[in-house]
Amino acid sequence: MSFISFEYIVLLAFFVPMFFWLPHPHRVVFLLLVSYLFYAFARVEYLTLILFSTVVDYFVAQKIAQTNSDAKRKRQSLLLLSIGVNLGVLFFFKYFNFFSLSAQGLLAGMGLSYDPIVHNFILPVGISFYTFQSMAYTIDVYRGKLEADSSFSLFATYVAMFPQLVAGPIERAQNILPQLRTKQHFDYDRAVSGLQLILWGVFKKVVIADRLAVYVNDVYNNVEGFSGLPLIVATFFFTFQIYCDFSGYSDIAIGSAHILGYDLMDNFRQPYFSHSIRDFWRRWHISLSTWFRDYVYIPLGGNRVSFGRNLVNLMIVFVVSGLWHGANWTFVIWGALHGAFIVIETIITQRLPRFSLSIQWLQWMLTFGLVAFAWLFFRANSLPDAWYIITHIFDFSDGRGDLLRPFFNSTLDVRVEFLLAIGGIFLLLVIEWMNRYTNWRDHIMKSRLARYGIYYAGTFAVVFSILLIPIQSPFIYFQF
């Protein structure tokens, strides 16, 4: 079930009153059942996977907690069971075909033949998110940072909580479980705040991201039909499309949970105002970057090892992060690029500080340029497509550089569509800039006139965009 659907409106309208009407002991079970219903809209048979992962990690964590800390080998075996089951399921459904076909290509290059084994299962929605979330719980119990929860329904709700089930944020049990145990009371101000955040998330997704997607998809799905300006603009547009798409989802998720009385972690903090790649990853998809920091980078030794080994650790984390996003070499290269950026940045700041940029606007421009360039690989359908874009992005010599052609199939005039796309990006940047210094929403919403003006304008823009944009794009991170 998509957040941008009539079904989700009906779900919230039914669920919220029922949730607060039920006695507190029954609310968690009700939330769990509704979360499973929400997930079943994608594909009901894949409920067995999330149930399987939940059952394994619940009982493994219980067993770890009951095992004496001196029995280190047994505890390690239990932890490996949890990690093996979660990664095994993730590998089979998401990466099996990728590695099988990659092996065929590798062997063919060596003059050997190999008939690859492939399966035709559809990738379960959100599998990368809930497996990481469930696995983090077991690891934290093993490390002694968290006590194993005796309530299966409580743990299952933490894994499957519907606002963040499909695309995060990847929550930690330390944050969610105590909130699930606490009786929540309906709070009008929280409900209003949550609805405001939902409206802003829907606006970013439908009004900005989906309009940019029309241009981006037309170019990136037919790269050889374009050169020069359309390739530049499509890459620039995708930089904002993916941000509005994913941060819009996160806003809707956080807002929905906020109405129920639950606080999810922030997943974005104005990432495109970053002054370094390291700073970018402190602001972008924060729940994933902190997950890899805590469960991959630090166990590898983090920065407590030699300088050279630390650089290797950084590279490993970003390559694995790229692979987490998708079973395609384009994602691996995207991750490797960010790893290389971080490695170079680390070398300069720690060993060659005299080469560091000291002017902030230059730092920002360089960071934004590198991030946008890397997004090219993230969006490209294949490596040959990515290479074509790189080699033709500054080619203005032929007739394939019509800037407005990707909007020719739009309902409105192409110039109007282009101006609306640019205007959406400009509005986003203005609001993001304001958010760096103050919570503009609190100030503006104090005025009744401004508040209702924003409500009506935002709702009109959303409805207007839904009616005029021919195809509503699914959330990008649903595929991960």
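**Considerations on the overall build of the chain**
Helix and strand counts for the chain stand at 19 helices and zero strands. Whereas a compact globule of 480 residues would reach a radius of gyration of roughly 23 Å, the chain reaches 23 Å, a difference of no more than 12%. Each of the three principal axes of the chain carries a C-alpha extent, and together these read 70 × 65 × 50 Å. Looking at the chain residue by residue over its 480 residues, the buried ones come to 53%. Of all intrachain contacts in the chain linking residues separated by at least 6 positions in sequence, the fraction that spans at least 24 positions is 74%. Treating the 35 positive side-chain charges of the chain as one cloud and the 29 negative ones as another, the clouds have centres 9 Å apart.

**Observations regarding the layout of surface pockets**
The calculated volume of the second largest pocket comes to roughly 720 Å³. Leu195, Gln196, Ile198, Leu199 and Thr459 are the residues nearest the centre of the second largest pocket, which is lined by 24 residues in total. Breaking the lining of the second largest pocket down by element, the ones donating at least two residues are helix 1 (6-21), helix 9 (188-220) and helix 19 (448-468). With nine residues, helix 9 is the single largest residue contributor to the lining of the second largest pocket. Residues belonging to the lining of the second largest pocket are distributed by class as follows: 18 nonpolar, four polar and two charged.

**Structural notes on the packing of helix 4 (residues 72-109) against helix 13 (residues 307-325)**
Look at helix 4 against helix 13: their axes get within 10 Å of each other, and the N-to-C directions meet at 105°. Judged by the angle between their axes, helix 4 and helix 13 are roughly perpendicular. Together, Lys94, Tyr95, Phe98 and Phe99 of helix 4 and Leu323, Trp324 and His325 of helix 13 make up the contact between the two elements.

**Overview of helix 3 (residues 47-66)**
Here helix 3 contains 20 residues, and its C-alpha end-to-end distance of 29 Å stays within 8% of the 28 Å for a straight helix at 1.5 Å per residue. Along helix 3, the positions that sit buried rather than exposed are Leu47, Leu49, Ile50, Ser53, Thr54, Val56, Asp57, Tyr58, Val60, Ala61, Gln62 and Ile64. Contacts made by the buried residues of helix 3 are with helix 2 (24-40), helix 4, helix 5 (127-143), helix 6 (152-160) and helix 7 (162-165).

**Considering helix 9**
Three- or four-residue spacings in an α-helix give side chains the same orientation, since the helix completes a turn every 3.6 residues. Here helix 9 is 33 residues long and its end C-alpha atoms lie 45 Å apart, about the 48 Å a rise of 1.5 Å per residue gives. Taken as a whole, helix 9 carries its principal kink of about 35° at Ala209. Capping the start of helix 9, Asp187 holds a side-chain oxygen 2.9 Å from the backbone nitrogen of Asp189, two or three residues further along.

**Comments concerning the packing of helix 15 (residues 360-379) against helix 16 (residues 383-392)**
Axis separation between helix 15 and helix 16 bottoms out at 8 Å; the angle between their running directions is 145°. Residues Phe373, Leu376 and Phe377 of helix 15 lie in contact with helix 16, whose contacting residues are Leu383, Ala386, Ile389 and Ile390. Partitioned by chemical class, the residues of the contact of helix 15 with helix 16 number seven nonpolar, no polar and no charged.

**Let's talk about the nonpolar core**
Formed by 145 residues in total, the largest nonpolar core has its most connected members in Phe162, Phe237, Tyr272, Trp284, Trp375 and Tyr477. The residues touching Phe237, leaving out its near neighbours within four places in the chain, are Leu212, Tyr215, Val216, Phe407, Phe418, Ala421, Ile422 and Ile425.

**Considering the environment of Asn409**
By the secondary structure assignment, Asn409 is in the loop between helix 16 and helix 17 (414-435). On the basis of relative accessibility, which here comes to 69%, the residue Asn409 falls in the exposed class. Expressed as a C-alpha distance, the spacing of Asn409 and Ile469, which sit 60 residues apart in the sequence, is 9.8 Å.

Cut-offs and rules
Residues numbered from 1 in each chain as written. Predicted model: local features only at pLDDT ≥ 70, side-chain atom pairs only at ≥ 80, totals over all residues. Heavy atoms only, no water. Helix = DSSP H or I, 4+ residues; strand = E, 2+ residues; numbered from the N terminus. Rg over C-alpha atoms; globule rule 2.2 N^0.38 Å. Buried < 20%, exposed > 50% of the residue type's maximum accessible area, 1.4 Å probe, protein only. Contact = heavy atoms within 4.5 Å. Lys, Arg positive; Asp, Glu negative; His and termini not counted. Charge placed at Lys NZ, Arg CZ, Asp CG, Glu CD. 1 Å grid on protein atoms, 1.4 Å probe; cavity = no way out; pocket = protein on both sides within 12 Å on 5 of 7 lines; lining within 4 Å. Points joined across faces, edges and corners; volume = space filled by probe spheres on them. Nonpolar A, V, L, I, M, F, W, Y, C, P; charged D, E, K, R; others polar. Axes fitted to C-alpha atoms, helices over the stretch in contact; angles between N-to-C directions. Parallel < 35°, antiparallel > 145°, perpendicular 65-115°, else oblique. Expected span 1.5 Å × (residues − 1). Bend = angle between axes of the 7 residues up to and from the residue. Polar contact = N/O pair within 3.5 Å; in protein donor to acceptor, adjacent residues only side chain to side chain. Core = buried A, V, L, I, M, F, W, Y, C linked by side-chain atoms within 4.5 Å.

Any link to function would need more than the numbers given here.
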